Amino acid sequence: MVKVKICGTTNLPDALHAAEAGADALGFIFAPVSKRRVTAQVAREVGLSVGPSVARVGVFMGQPLDEVLRTAEAARCSAVQLHGPLPGVYVEAVAAYYPVLRVLGPEDLRTGNVQAVPGVTLMLDAPQPGSGQPLDWSALVPHFPPGGWLAGGLGPENVARAVATLRPGGVDAVSKLEASPGIKNPQAVKAFVDAVKHA
Ligand SMILES: O=C(O)c1ccccc1N[C@@H]1O[C@H](COP(=O)(O)O)[C@@H](O)[C@H]1O
């Protein structure tokens, strides 16, 4: 079954609704550039409210290793998502403590700039994460990593086709599930989860 992560979660009602809709994971964004950024305290309070069956993924971009580990611990994250160019030892250090979603772009796949690391799952995303830009799924078919996750411009209208094309281990979305930045559209969230679970 394809896992579903609802990212950019900022508040309790959205978290509870996503969990009730069947989401497998919630994403809490700590990247400074994000308009959906939350504090570790908010992420902890909201994330723990949905119970242990829903993964709590801390999303980081361009932050020092000690900040990632301190924030993930304070927020009680159960997994960590890492964006941006990073040394392998940085990713391996985080993977020593948390399951890691390591975000790559299509170019990384084409150049073969991908190392398999225990505890690290690859996720393909657009160059501008959180911008609603879909990837060219057909072009990814030859290189898509088995069990890899897919993000980038996914929503209720297109996720079934993306799943059929790439058979990802999981999918992740934010922009097309929002009423406004950081605030979810509950109908879109439910439709997205249903489209994946019934794909
Ligand atoms: O959403 C953001 O603001 C964000 C900022 C910095 C790093 C990651 C961010 N979100 C990630 O973007 C993709 C999906 O984006 P979209 O559905 O195309 O809008 C997902 O991996 C989020 O975790």
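The shown structure was predicted, so the numbers you read here are calculated from the model rather than taken from an experiment. (Residues numbered from 1 in each chain as written. Predicted model: local features only at pLDDT ≥ 70, side-chain atom pairs only at ≥ 80, totals over all residues. Heavy atoms only, no water.)

Participant: Looking at this structure, I do not really get the environment of Ser 49. What am I missing?
Facilitator: By secondary structure assignment, the location of Ser 49 is in the loop between α2 (40-48) and β3 (55-61). Judged by relative accessible area, Ser 49 falls into the partly exposed class, the value being 31%. When neighbours within four sequence positions are excluded, Ser 49 is seen to be in contact with Leu 12 and Leu 16. Polar side-chain contacts of Ser 49 include one of 2.4 Å to the backbone oxygen of Val 46. (Helix = DSSP H or I, 4+ residues; strand = E, 2+ residues; numbered from the N terminus. Buried < 20%, exposed > 50% of the residue type's maximum accessible area, 1.4 Å probe, protein only. Contact = heavy atoms within 4.5 Å. Polar contact = N/O pair within 3.5 Å; in protein donor to acceptor, adjacent residues only side chain to side chain.)

Participant: Just checking my understanding: could you explain the site of the ligand for this structure?
Facilitator: In the region of the ligand, 24 residues are neighbours, and Ser 34, Arg 36, Gly 153, Asp 172 and Ser 175 sit closest. Within the side chain of Gln 81, one N or O atom sits 3.0 Å away from an oxygen atom of the ligand. Take Gly 132: an N or O atom from its main chain is 3.1 Å from an oxygen atom of the ligand. Relative to its free-state accessible area of 510 Å², the ligand is covered by the protein chains to the extent of 98%. Contributions of two or more residues to the shell around the ligand are made by β3, β4 (79-83) and β8 (170-173). Tallied by class, the residues present in the shell around the ligand amount to ten nonpolar, ten polar and four charged. (Near = heavy atom within 4 Å. Areas by Shrake-Rupley, 256 points an atom, 1.4 Å probe, with all protein chains shown as cover. Nonpolar A, V, L, I, M, F, W, Y, C, P; charged D, E, K, R; others polar.)

Participant: How should helix α8 (residues 186-197) be read in this particular structure?
Facilitator: Since the α-helix advances by 3.6 residues per turn, residues separated by three or four positions end up pointing in the same direction. Between its terminal C-alpha atoms α8 stretches 17 Å, which fits the 16 Å expected from twelve residues at 1.5 Å a residue. Within α8, the full set of buried residues consists of Ala 188, Val 189, Phe 192, Val 193, Ala 195 and Val 196. Buried residues along α8 cover an arc of 160° about the axis, so they all sit on one side. Capping of α8 at its N-terminal end is provided by Asn 185; its side-chain oxygen lies 2.9 Å from the backbone amide nitrogen of Gln 187. (Expected span 1.5 Å × (residues − 1). Arc of directions from axis to C-beta.)

Participant: Help me understand the pairing of β4 in this model?
Facilitator: Successive residues of a regular strand alternate their side chains across the two faces of the sheet. Among the five residues that make up β4, five are buried, leaving the element largely enclosed by the rest of the structure. The alternating pattern of β4 places Ala 79, Gln 81 and His 83 and Val 80 and Leu 82 on opposite faces, both of which are buried. Bridging between β3 and β4 involves five bridges; their strand directions are parallel. Looking across to β4, one finds that Gly 58 is bridged to Val 80. Between the parallel elements β3 and β4, the chain passes through helix α3 (residues 65-74) in a crossover that is right-handed. (Pairing = 2+ DSSP bridges. Right-handed = clockwise from strand over helix to strand, strands pointing away.)

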